Amino acid sequence: MSRRDMFKTALRALGIHGLTWRQSALAATELAVPTTLPRETLDFDDHGLAGWTMVEGQWAVEAMPGAPSGSKVLVQRATNHQFNVILAPPGPYSDLDVSMKFLPISGKEDASGGIVFRFAEGRYYVVRANALEDNVRLYLYDRGRRQIATSSVKAPTLGQWHTLRAVAVGDGMQAWLDGKLCLEHRDTRLKSGRVGLWTKADSITAFDDLTIRGVMRR
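Nothing here was measured: the structure is a model prediction, and the numbers come from that model.

Q: Sorry if this is basic, but what is going on with the sheet that holds strand 2 (residues 53–56) here?
A: As summarised here, the arrangement of the seven strands in space is 2-5-14-7-8-9-10, forming an open sheet in which the pairing is antiparallel. Only two strands of the sheet have a single neighbouring strand rather than two, namely strand 2 and strand 10 (145–152). Each strand axis lies, on average, 20° off the axis of its neighbour in the sheet, ignoring direction. Note: strand 7 (residues 112–120) against strand 14 (residues 194–201), four bridges, orientation antiparallel. Note on strand 14: the bridge partner recorded for Ile 115 is Leu 197.

Q: For this particular structure, what's the right way to read the confidence of the model for the chain?
A: Parts of the model with low pLDDT should not have their predicted coordinates read in detail. Predicted confidence across the chain gives a mean pLDDT of 89, with 87% of residues reaching 70 or more. Here residues 2–26 scores under 50 on pLDDT; set against residues more than four positions off or in separate chains, the count is 24 contacts.

Q: I'm lost on the pairing of strand 9 (residues 135–141) in this one. Help?
A: On any regular strand, side chains alternate: one points to one face of the sheet, the next to the other face. For strand 9, the buried fraction is high: five of the seven residues fall into the buried class. Two strands pair when backbone bridges link them, and strand 8 (residues 123–130) and strand 9 are joined in this way by six bridges, in the antiparallel orientation. Bridge assignment links Tyr 125 to a residue of strand 9, and that residue is Leu 140. Linking strand 8 back to strand 9 in an antiparallel pair, the connection comprises four residues. As paired elements, strand 9 and strand 10 share seven bridges and run antiparallel to each other. If you follow Tyr 141 over to strand 10, its bridge partner there is Arg 145.

Q: Even after reading the chapter, I still don't get the environment of Arg 189, so can you show me in this structure?
A: Here Arg 189 shows up in the loop between strand 13 (180–186) and strand 14. In sequence terms Arg 189 and Tyr 124 are 65 residues apart; their C-alpha atoms lie 9.6 Å from each other. Setting aside residues no more than four positions away along its own chain, Arg 189 makes contact with Arg 123, Tyr 125, Leu 140, Arg 146 and Ile 148.

Q: So what exactly am I meant to see when it comes to the pattern of salt bridges here?
A: Pairing between side chains becomes possible if they bear opposite charge and their charged atoms approach one another. Going through the model one piece at a time under the given rule, you end up with 13 salt bridges. Of the charged contacts, one joins Arg 165 and Glu 30 as a salt bridge, the two residues approaching to 2.9 Å between their closest N and O atoms. You can see Arg 165 sitting in strand 11 (residues 162–169) and its partner Glu 30 sitting in the loop between helix 2 (21–26) and strand 1 (39–42), a full 135 residues away along the chain. In this structure Glu 30 comes out as partly exposed when scored by relative accessible area, which is 44%. Through salt bridges with shared partners, a single ionic network connects Glu 30, Asp 97 and Arg 165.

Q: Would you mind going over the side chain of Lys 200 with me for this structure?
A: Examined against the element boundaries, Lys 200 turns out to sit in strand 14. Excluding residues that lie within four positions of it along the chain, Lys 200 makes contacts with His 81, Gln 82, Phe 83, Asn 84, Glu 109, Asp 110, Ser 112 and Arg 145.

Q: Sorry, what's going on with the nonpolar core here?
A: Grouped burial of nonpolar side chains is what soluble globular proteins tend to show. Trp 52, Phe 117, Leu 138, Leu 197 and Leu 210 are the most contacted members of the largest nonpolar core, which totals 37 residues. The leading source of residues in this core is strand 6 (residues 93–106), at five residues. Residue contacts for Leu 210: discarding those within four places in its chain leaves Glu 40, Thr 41, Leu 42, Trp 52, Ala 88, Val 98, Ser 99, Met 100 and Leu 197. Ranked by size, the runner-up nonpolar core spans nine residues in total, among them Phe 83, Val 85, Val 126 and Tyr 139.

What counts as what
- Each chain has its residues counted from 1, running along the sequence as written.
- Predicted model: local features are reported for residues with pLDDT of at least 70 only, side-chain atom pairs are reported and counted for 80 or more only, and whole-chain, interface and lining totals are derived from all residues.
- The side-chain figures draw on all heavy atoms in the structure; neither hydrogens nor water molecules are used.
- Any two strands with at least two DSSP bridges between them are considered paired.
- Under the DSSP-based scheme used, a helix requires at least four consecutive residues in state H or I and a strand at least two consecutive residues in state E, with every element numbered from the N terminus.
- To get an axis, fit a line to the C-alpha atoms, keeping to the stretch in contact for a helix; angles then go from 0 to 180 degrees between the N-to-C directions.
- In predicted models, pLDDT denotes the confidence assigned by the predictor to each residue on a 0 to 100 scale.
- In what follows, a contact means two residues having at least one pair of non-hydrogen atoms within 4.5 Å.
- Think of it in three bands: with a 1.4 Å probe and only protein chains considered, a residue is buried below 20% of the maximum accessible area for its type, exposed above 50%, and partly exposed in between.
- When a carboxyl oxygen of Asp or Glu is within 4 Å of a side-chain nitrogen of Lys or Arg, the pair counts as a salt bridge.
- By nonpolar core is meant a set of buried Ala, Val, Leu, Ile, Met, Phe, Trp, Tyr and Cys residues that side-chain atoms within 4.5 Å join together.

So, in structure tokens, the structure goes:
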């Protein structure tokens, strides 16, 4: 057994999963964009979907009791598409810090909420958390989905609001679920693009309070 395999075995014995040996060493360093950059929060109460771009799915603003802010949320209700994507109006961004609240309502094949970033010409990264699985995953979508990183977590609970956050600075990427760092990765393929929201398959999911701080590219 190699030293790296021995290290992974030791981590599993301690209940630590999902980070590679190299990523474990980086876990104490939080990626950050400059705090001087403006922050934009989209909560769907005042402007609805003005300026948003629907790529796939059935997205609509709906009233929902118990919404994290205000009284309205964005809900994706299509159940017959592989990937459902909607893009927020600002951008494109290179480095960014984006978070959103999501409520997995239902789904038998999938019950997820995801953040799309660096979307350009149909290619994008997406970080997603799935209430039917105990993981958070990072995918690259380029004419087909490709998993590039995963981390074991306590699965989000159906019917409860959760917070997902993605940070991308240069080739470094981090994902946070409910305030806990759960995934790190490096990838150089996509440099900049728009931000959006994502679900998969039969997942019906509500979203609120999409917050973006980033370096905008013209």
